[in-house]
Each structure stands twice: as C-alpha cells, then as structure tokens.
Amino acid sequence: MEIRRFGIGHRRPDGPPGTHNVRGAVIEAGPLGSIAELALGRNALIEPHTNPNSTWFIVIEGGGFVTVGDETARVFAGEAVHWPADVPHGASTSLSEMRAIVVESVPGAESAGATLEGRALELPPGRDPATPGEGELAEGSRAARYDPAQGEPR
C-alpha cells in the first residue's frame, strides 16, 4: 500500500506567474499527467493562463470562481470544471476559501492506456441499488480538529 500525504503542512506556493494566496501539493506526477491538491485562501487568484494539458478542476471544499476562455462561473464543492488544453483558464476566490483536486492529462494519454477499463460491481441477490446505507457520524467534528493558526482553508 502506498499513501501520499497532502494538505496542511505539505503545501507550497503554487500557480503560474501572477498567482497569489494559492498553495498546492503534488499527489502524483508522471509521463501521462499529474494529480495535485490546491488550496485557495480568501481573495486568491490563479492568473488566467494556458496549458497544453487537458485538466479537471474538481472543487472538494468551499467555493469560488473559475474562468475558461471568456466565461466566468461560480463553483462550489461537489462541482468539477474542465479546462481544455490550450484554452486560457484560471480560478479565484473573494470572501471564501476553496480547495480543489486538479487532474491533468497530457495529449494522447488516452491512447497510451491511461484510461482504465472498468466494470460495475454486481449487487448481491435481492439488493436494491437505491437502498440507503447504514451508519452514523463519528464523534468529534472537523471544526474541532481545525487549527486556525495554520492559516489554511478548513
């Protein structure tokens, strides 16, 4: 098993020239692409720029704004934005913070076998796919573990 660490304590300033209040951590980088985590603080900016890679900007916490070409849209946790290769793109925040996972794939990665074949798992006999899960929240809250002295998005 391989575990990669990212998040608070593992980030460094990141982004193209003109970027401010953005920190990131590379989770994986290889010949077919990369995966990174970005944390945008309040009033952060990833200056619009181009990249030869196709990229998914996947918002996992908070929200802000993304720009692709001449369009700007508000995004929130649970939304993903595609940044096409060679099209100017960027992101920003105002009064909120935002965390995102950024997945880049180099041109031709799909034909190089980077796309994994998959199949759906079979459900046990009699199991309805819409059956609600069972469980409960663990004790303690995320807010209790957050250290504001870290100066990072929650």
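Structure report, in brief.

Cut-offs and rules
Residues numbered from 1 in each chain as written. Predicted model: local features only at pLDDT ≥ 70, side-chain atom pairs only at ≥ 80, totals over all residues. Heavy atoms only, no water. 1 Å grid on protein atoms, 1.4 Å probe; cavity = no way out; pocket = protein on both sides within 12 Å on 5 of 7 lines; lining within 4 Å. Points joined across faces, edges and corners; volume = space filled by probe spheres on them. Helix = DSSP H or I, 4+ residues; strand = E, 2+ residues; numbered from the N terminus. Nonpolar A, V, L, I, M, F, W, Y, C, P; charged D, E, K, R; others polar. Phe/Tyr/Trp six-rings, centres within 6.5 Å; stacked < 30°, edge-to-face > 60°. Buried < 20%, exposed > 50% of the residue type's maximum accessible area, 1.4 Å probe, protein only. Lys NZ or Arg CZ within 6 Å of the ring centre and 35° of its normal. Polar contact = N/O pair within 3.5 Å; in protein donor to acceptor, adjacent residues only side chain to side chain. Contact = heavy atoms within 4.5 Å. Salt bridge = Lys/Arg side-chain N within 4 Å of Asp/Glu carboxyl O.

## Focus on the layout of surface pockets
- In this structure, the largest pocket occupies an estimated 310 Å³ of space.
- Taken together, the elements giving at least two residues each to the lining of the largest pocket come down to strand S3 (33–49) and strand S8 (98–105).
- Element by element, the count of residues in the lining of the largest pocket is highest for S3, at six residues.
- Among the residues making up the lining of the largest pocket, the classes are represented as eight nonpolar, six polar and three charged.

## A short note on the packing of aromatic side chains
- Taken as a whole and assessed by the stated rule, the structure comprises one aromatic pair.
- With a centroid separation of 4.8 Å and 25° between ring planes, the pair formed by Phe57 and Trp83 is classed as stacked. Of the two residues, Phe57 is situated in strand S4 (residues 54–68) and Trp83 in strand S6 (residues 80–83); the sequence distance between them amounts to 26 residues.
- Judged by its relative accessible area of 0%, Phe57 falls in the buried class.
- You can call Trp83 buried: its relative accessible area is 4%.
- Directly above the aromatic system of Phe65 lies the positively charged group of Arg74, at a separation of 4.8 Å from the ring centroid.

## Section: unusual backbone geometry
- One non-glycine residue, Asn21, adopts positive backbone phi at about 60°.
- Locating Asn21 in the fold gives a position in strand S2 (residues 20–30).
- With relative accessibility at 43%, the residue Asn21 sits in the partly exposed group.
- For Asn43, which is not glycine, the phi torsion reads 55° and is therefore positive.
- Under the relative-accessibility criterion, Asn43 is labelled partly exposed at 48%.

## Focus on the side chain of Thr55
- Mapped onto the elements of the fold, Thr55 is located in strand S4.
- A distance of 3.5 Å separates the side chain of Thr55 from the backbone oxygen of Asn53, its partner in a polar contact.
- Apart from residues no more than four positions distant in its own chain, Thr55 is found in contact with Val81, His82, Trp83, Val102, Val103 and Glu104.

## Notes on the pattern of salt bridges
- For the structure on display, the rule yields six salt bridges.
- Here Arg12 makes a salt bridge to Asp14, at a shortest N to O gap of 3.8 Å.
- Taking relative accessible area as the criterion, Asp14 reaches 24% and is therefore assigned partly exposed.
- A single salt-bridge network, built from bridges that share partners, covers Glu2, Arg4 and Glu28.

## A look at the side chain of Asn51
- Topologically, Asn51 is positioned in the loop between S3 and S4.
- A polar contact of 3.2 Å, which involves the side chain of Asn51, links it to the side chain of Glu104.
- When sequence neighbours within four positions are dropped, the list of residues in contact with Asn51 reads Ala85, Asp86, His89 and Glu104.

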